[in-house]
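Chain and residue survey
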Amino acid sequence: ANAAVDLSAPGVSVMTAVPPALDTDGAQDGYQAMDGTSFSAPMVSAALAWVRAARPELTPDRVVQAVRLTATDVAAPDGQNRPGWDPLTGFGVLNVGAALTVPADKLPIQDPYEPNDNLVWVDGTAFGKPSLPIWAGGKQVEVNALLDKQEDPVDVYRVVIPAKKSARITVVPRFGDPSLEVFTSEAIS
């Protein structure tokens, strides 16, 4: 349980292939019911791959949103029902069918510059070369992006201000209260 839980997937009593010598359920057939998140993670990965393959019109960030936001909300293990996200079950239990059929207009907008959660993702440290600046002088540019307190709390963009020039940056929130910070090119995080 923590703030990084997006969704839940089966992880208890999952029938799993095991080496017969380690099969301790009495059947000695090479299969045993096991528990753990290592069984949940492949199910979520497979669901993402399935939705991505079936819905190529969705960008990868919107596929993630489709899987995350269509999860079936469930009561927490303590029996209390807390609609929406909670730190025990995330948004709920993986629901591949819903992710495959959710209308694209019900998903958040595409965030075209992801991944851009820290300076290292845009300054060339992570990928070997800096990302293209969203503005480097010239005409006005508008960027529509998604910030989410739980999933994507920080976005970083490169802006190149030509010598002896200035730039005006405006943030128009669709919801919440975003903050804007400006870093020099020498900043590392």
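Read on for a plain summary of the structure. It should be emphasised that the depicted structure is a prediction, and the values quoted were computed from it without experimental measurement.

Next up on the list: the packing of aromatic side chains. Geometrically, a pair of aromatic rings is defined through the distance of the ring centres and the angle of the planes. Scanning the model with the defined rule gives two aromatic pairs in all. Between the aromatic rings of Y113 and Y157, the centroid separation amounts to 5.6 Å while the plane-to-plane angle is 90 degrees, which identifies the pairing as edge-to-face. Here Y113 is found in the loop between helix 3 (96-101) and helix 4 (119-122), whereas its partner Y157 is found in the segment after helix 4, with 44 residues between them in sequence. Since its relative accessible area comes to 34%, Y113 is described here as partly exposed. With a relative accessible area of 27%, Y157 lands in the partly exposed category. A ring pair is formed by W121 and F127, whose centres lie 5.4 Å apart and whose planes are at 50 degrees; its orientation type is tilted. On the basis of relative accessibility, which here comes to 35%, the residue W121 falls in the partly exposed class.

What follows covers the pairing of strand 1 (residues 14-17). Here strand 1 shows a buried face lined by V14 and T16 and an unburied face lined by M15 and A17. Here strand 1 pairs with strand 2 (residues 31-34) via four bridges, running antiparallel. Residue A17 lies in a different strand from strand 2, and its bridge partner there is Y31.

A separate point is the packing of helix 1 (residues 37-54) against helix 2 (residues 60-69). In contact at an axis separation of 10 Å, helix 1 and helix 2 are set at 120 degrees when each is read in the N-to-C sense. In terms of axis orientation, helix 1 runs oblique to helix 2. As for the relative orientation of helix 1 and helix 2, their crossing is right-handed in sense. Counting all contacts with helix 1, which are made through A47, L48, V51 and R52, the residues of helix 2 involved are P60, V63, V64 and V67. Partitioning the contact of helix 1 with helix 2 into residue classes produces seven nonpolar, no polar and one charged.

What counts, and where the lines are drawn
Residues numbered from 1 in each chain as written. Predicted model: local features only at pLDDT ≥ 70, side-chain atom pairs only at ≥ 80, totals over all residues. Heavy atoms only, no water. Phe/Tyr/Trp six-rings, centres within 6.5 Å; stacked < 30°, edge-to-face > 60°. Helix = DSSP H or I, 4+ residues; strand = E, 2+ residues; numbered from the N terminus. Buried < 20%, exposed > 50% of the residue type's maximum accessible area, 1.4 Å probe, protein only. Pairing = 2+ DSSP bridges. Axes fitted to C-alpha atoms, helices over the stretch in contact; angles between N-to-C directions. Parallel < 35°, antiparallel > 145°, perpendicular 65-115°, else oblique. Left-handed = near helix turned anticlockwise from the far one by under 90°. Contact = heavy atoms within 4.5 Å. Nonpolar A, V, L, I, M, F, W, Y, C, P; charged D, E, K, R; others polar.

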